[in-house]
Each structure stands twice: as structure tokens, then as C-alpha cells.
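Fold and geometry: a report
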Amino acid sequence: MRRWTARLLALTVVLGVLAVDAEVRADPLPSWNETTSKAQILSFIDQVTDPASPDYVTPAERIAVFDNDGTLWGEKPFYFQLFFAVDKLKELAEQDPAIVNSPAREAAIAGDFEALFAGGEEALLDVIFASHADISVDDFTADVREWLATARHPVTGRRYDGMVYQPMLELLSALRDNGFSTWIVSGGGIHFIRAFADDVYGIPPEQVIGSTVKTVYEVVDGVPVIMKTPAIGFIDDKAGKPVAIDAHIGRRPIFAGGNSDGDFEMLEYVTSGEGPRFGLLIHHTDAARESAYDRDSSVGRLDRGLDEAGERGWLVVDMAEDWAAIYPGP
């Protein structure tokens, strides 16, 4: 009798574990609270992947595009790529102090970001060119990866690639599990994001679209390389995003996610196509766990998008209400 009781108890425990495991596996978005936002996302995925649905979309057409800064990872107090640029400039200045030959570079080295931003786009490009040009793409990629492994965010103390949004990682995985291809379409630098996108997001480099400096082919010490030059190639922001999507993808995606008015044209382009479409905006409302900002922010400003999201049928995700967690881990 005792033997059967023990077996029954063991079977009960196993079944309980399996039930819990099944429940976890059944929820593709465990870091999303049970709100209408989560329900709308899951409903759309079901709608376009069920062959019996009138809105079924073939796998080839299941394309989802996402902004990066403020959508997939943080962007405060300013874009993470600028932190990299300043740190790289400091490193270069130690090797050759003569490189600090402008007020913008002096401000960056001193950590005087107020003075740097006061110089406008010209000052920022000066710092970007100093740290992103006259280097091969391979060497630049190695520099970015080394920086990500060692640098820490000045406020959170986290690694920058540890400040990705856990709910968005889950959304990317859920889409891919349902036959979507996921792409990044960012105003950030294409080579900067390609350095980590596969490891962090599961998005391969060929599915990263971003801003570029002009590049040239050279043979250096007998080795063919692609060199980055101090000249703008393409700015992948605002109206540039749909243009880049057409050039790189060649199909109109059916799902788009962003967080700012810089993503407005991308969402507009994606959701204006025929058939089922989904537009998503991340609204930064969580001052306690991350940051709260929208209309008046100098970085990630969300104004027109808030005003027009409702009439355009776009989902506005409230980070404080819709997300049970912000970053991976504790």
C-alpha cells in the first residue's frame, strides 16, 4: 500500500510540474501583464498565422520591423551609441592628443554634454566621425563588442546590452516562432547595431537596417576590407525609414514597432498596406523602473504619434501598466 501511495504521490508531483511547464510554454509573453495590449498582440499573431483565418498571411509576407533606441533597448539620458563614441574618442585621444582639435571634441572629452549638444548636429557628427571613421568595418565591430563587454550605463550600472527590454525580446521570439522574419530599422548606425543584434535580439546582421557613413573598398596590407569614411551615407530616420525598408527588404512589412515620432512614417507606411496590419508604439511611462517621457523629450520625443495613434489604429503600449518586467534578470 505504501508503495502505491508513494507512486501516486510521485505521479502527482510530475503531473504538477508538467502542468506548470505547459502553462509557461503556453504563454509566449510572460513579462507582459494581462492587459488589452497583450491580448491585441496575441490576437493579431493568431489572426495572420491560422490557415483557416480570412486574414491568413503567408510566411513570406510575415515581416516585422522595429526601431531600436527606446523600442528594443533604452535611450536615456541619450542614445547609447553616443556613449560609445565619446568613450572611443577618449581612447583615441590618449593615443594621439592632437585628435582633440575642435570645441565639440573638447566638450566630449570633458564630459560636458550640455556644451556638446549646444553645438547641434554639426558638433555631434564631429564626434561621430572621429570615433566611427577611418577604420575598417571589421575593426569597428570588434571595438563595439569590446565596449559592450566592459562599459556600464552611468545611471543603472548595467551593461548597455543588459538594458534591452525583456517584453520586447519575448515579442521578437513570439513573432519568429510564428513564422515572422524580424528586422531592425533604426536611426542608429548600421554597423554599431550589427555588432550585437544577433547575440542580443536573435536578429542577424543582414536583417539590420540603420544609418550609414560612406564606405569604400580598400586593400590594406594585402587584405581586402571595407573602410568607414567621415561622410554621411544615409540617415535612416523619419521618412528615410520607409525608403530604407523598400531598398533592403523589398516588401511592405505587416508589423511595425517604434517609440517616437522618428518612427511615425515607418508605422504609417506599414499600416497603410492592404490586409491585416499592426502598428505599435512604446510609451515610456515608468519613471520608477525606467524613464517617463514623451512630448517634450529631446530624445525619443513622442508627440504626433500619441495624437494620431488612436485614429490610425496603432497600439500604444504603456510600459508601467503593460509590462511586468523591464530588463532581463533581477
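Placed above this text is the structure.
This section reports on the structure supplied with the text. (Residues numbered from 1 in each chain as written. Predicted model: local features only at pLDDT ≥ 70, side-chain atom pairs only at ≥ 80, totals over all residues. Heavy atoms only, no water.)

**Some remarks on the nonpolar core**
The condition is simple: The set of buried Ala, Val, Leu, Ile, Met, Phe, Trp, Tyr and Cys residues whose side-chain atoms join them within 4.5 Å is what this entry labels a nonpolar core. Exposure is judged per residue with a 1.4 Å probe applied to protein chains only, and the accessible area is read against the type maximum: over 50% gives exposed, under 20% gives buried, and values in between give partly exposed.
Among the nonpolar cores identified, the biggest contains 69 residues, and Met168, Leu171, Tyr201, Phe255 and Leu280 are the most heavily contacted of them. In terms of nonpolar packing, the next biggest core, distinct from the first, is built from 17 residues, Val185, Phe264, Met266 and Leu281 among them.

**Side note on unusual backbone geometry**
Using the following cut-off: Each helix is a run of DSSP H or I of at least 4 residues and each strand a run of E of at least 2, with the numbering of both proceeding from the N terminus.
A cis amide bond links Lys76 to the next residue, Pro77, at an omega of 5°. A positive phi is found at Asp134, a non-glycine position, where the angle reads about 55°. Within the secondary structure layout, Asp134 lies in the loop between helix H6 (120-132) and strand S2 (135-136). On the basis of relative accessible area, Asp134 is assigned to the exposed category, the value being 62%. Even without a glycine there, the phi angle at Asp221 is positive, about 55°. Mapped onto the elements of the fold, Asp221 is located in the loop between strand S4 (208-220) and strand S5 (223-234).

**Focus: a nonpolar patch on the surface**
So the rule is basically this: Only residues above 30% relative accessible area that lack a salt bridge enter a patch, with like-charged residues linked at up to 9 Å and the nonpolar side chains Val, Leu, Ile, Met, Phe, Trp and Tyr linked at up to 5 Å. To measure how exposed things are, a 1.4 Å probe is used in the Shrake-Rupley method; for residues, cover is taken only from the protein chains shown. Basic side-chain nitrogens of Lys or Arg form a salt bridge, by our definition, when they fall within 4 Å of a carboxyl oxygen of Asp or Glu.
Judged by side-chain polarity, Tyr217, Val219 and Ile226 come together as a nonpolar surface patch covering roughly 320 Å² of accessible area. Its location among the elements puts Val219 in strand S4.

**Looking at the sheet that holds S2**
The condition that has to hold: Note: two strands are recorded as paired if DSSP finds a minimum of 2 bridges between them.
Overall, mixed pairing links the eight strands, which are arranged S2-S5-S4-S3-S1-S6-S7-S8 in an open sheet. Since the sheet does not close on itself, it has two edges, and those belong to S2 and strand S8 (315-318), each with one partner. Examined bridge by bridge, strand S7 (residues 278-283) and S8 share four bridges and lie parallel to one another. Counterpart to Leu280 in the pairing with S8 is Leu315.

**Topic: the side chain of Lys228**
To keep things clear, this is the line we draw: Counted as positive: Lys and Arg. Counted as negative: Asp and Glu, with His and the chain ends omitted from the count. Nitrogen and oxygen atoms within 3.5 Å of one another constitute a polar contact, given that in protein one can donate a hydrogen and the other can accept it, and given that sequence-neighbouring residues count only through two side-chain atoms. Contacts are assigned to residue pairs with any non-hydrogen atoms lying within 4.5 Å of each other.
Mapped onto the secondary structure, Lys228 falls in strand S5. Among buried Asp, Glu, Lys and Arg side chains, Lys228 stands out as unpaired, with Asp143 the closest opposite charge at 10 Å. Within the local environment of Lys228, its side chain forms a polar contact with the side chain of His191, the two groups lying 3.0 Å apart. Setting aside its immediate chain neighbours within four residues, Lys228 contacts His132, Ala133, Asp134, Ile135, Val137, Phe140, His191, Val213, Lys214 and Thr215.

**Notes on the packing of helix H11 (residues 240-248) against helix H12 (residues 264-271)**
Each pair of packed helices can be described by the angle between their axes along with the distance between the axes. The criterion, for reference: Fitted lines through C-alpha atoms give the axes, limited to the stretch in contact for helices. The angle between two N-to-C directions lies from 0 to 180 degrees. Here the angle decides the label: under 35 degrees means roughly parallel, over 145 means roughly antiparallel, 65 to 115 means roughly perpendicular, and every other value means oblique. For this classification, Asp, Glu, Lys and Arg are treated as charged, while Ala, Val, Leu, Ile, Met, Phe, Trp, Tyr, Cys and Pro are nonpolar and the rest, including Gly, are polar.
Orientation of H11 relative to H12, taken along the N-to-C sense of each, is 50°, at an axis distance of 7 Å. The pairing of H11 with H12 is recorded here as oblique in orientation. Facing H11, whose interface residues are Lys241, Pro242 and Ile245, H12 presents Glu265, Met266 and Tyr269. Tallied by class, the residues present in the contact of H11 with H12 amount to four nonpolar, no polar and two charged.

**Comments concerning the pattern of salt bridges**
Following the criterion strictly, the structure yields 16 salt bridges and no others. Among the ionic pairs, Asp67 bridges to Lys241, the shortest N-O distance being 3.1 Å. With Asp67 in the loop between strand S1 (63-66) and helix H3 (80-95) and Lys241 in helix H11, the pair connects residues that are 174 residues apart, well separated along the chain. Here the two residues Asp67 and Lys241 agree in accessibility, since each one is buried. In the salt-bridge network here, residues are joined through shared partners; they are Glu268, Arg304, Glu308 and Arg312.

**With respect to the side chain of Asp261**
Tracing the backbone shows Asp261 in the loop between strand S6 (255-258) and H12. Of the side chains with opposite charge, Arg301 comes closest to the buried, unpaired Asp261, at an N-O distance of 5.2 Å. A polar contact of 2.9 Å, which involves the side chain of Asp261, links it to the backbone nitrogen of Arg304. Setting aside residues up to four positions removed in sequence, Asp261 forms contacts with Arg301, Leu302, Asp303, Arg304 and Gly305.

**What to know about the packing of aromatic side chains**
Stated formally: Two rings belonging to Phe, Tyr or Trp (six-membered ring only in the last case) form a pair when the distance between their centres is within 6.5 Å. Interplanar angles under 30 degrees mark stacking, angles over 60 mark edge-to-face geometry, and anything in between is tilted. Each ring is checked for a lysine NZ or an arginine CZ that lies within 6 Å of its centre and within 35 degrees of its normal; such an atom marks a charge sitting over the ring.
Scanning all chains against the criterion turns up 25 aromatic pairs. Seen in terms of ring centroids, Phe66 and Phe255 are 5.7 Å apart; in terms of plane orientation they differ by 40°. Their pairing is tilted. Here the residue Phe66 occupies a position in strand S1, and Phe255 occupies one in strand S6, the gap between them amounting to 189 residues. You can call Phe66 buried: its relative accessible area is 0%. A ring pair is formed by Phe80 and Tyr160, whose centres lie 4.9 Å apart and whose planes are at 65°; its orientation type is edge-to-face. Taken together, the residues span a long stretch of sequence, with Phe80 in helix H3 and Tyr160 in the loop between helix H7 (137-150) and helix H8 (166-177) at a distance of 80 residues. In this pair, the class of Phe80 matches that of Tyr160, namely buried. The side chain of Lys76 reaches across the aromatic face of Tyr293, ending 4.3 Å from its centre. In this structure, Lys228 is placed above the aromatic ring of Phe140, and the distance from its NZ or CZ to the ring centre is 4.6 Å.

**Remarks on the pairing of S6**
A regular strand places its side chains on the two faces of the sheet in alternate fashion. The cut-off we apply is this: Seen with the strands pointing away from the viewer, any crossover whose path from the first strand over the helix to the second strand runs clockwise is right-handed.
Residues Phe255 and Gly257 point to one face of S6 and Ala256 and Gly258 to the other, with burial holding for every one of them. Summarising the sheet, S1 and S6 pair through three bridges and their orientation is parallel. Within the sheet, the bridge partner assigned to Ala64 lies in S6 and is Phe255. Looking at chain direction, S6 and S7 are connected through four bridges and run parallel. Across the sheet, residue Gly258 finds its bridge partner in S7, namely Leu281. Each parallel crossover has a hand, and for S6 linked through H12 to S7 it is right-handed.

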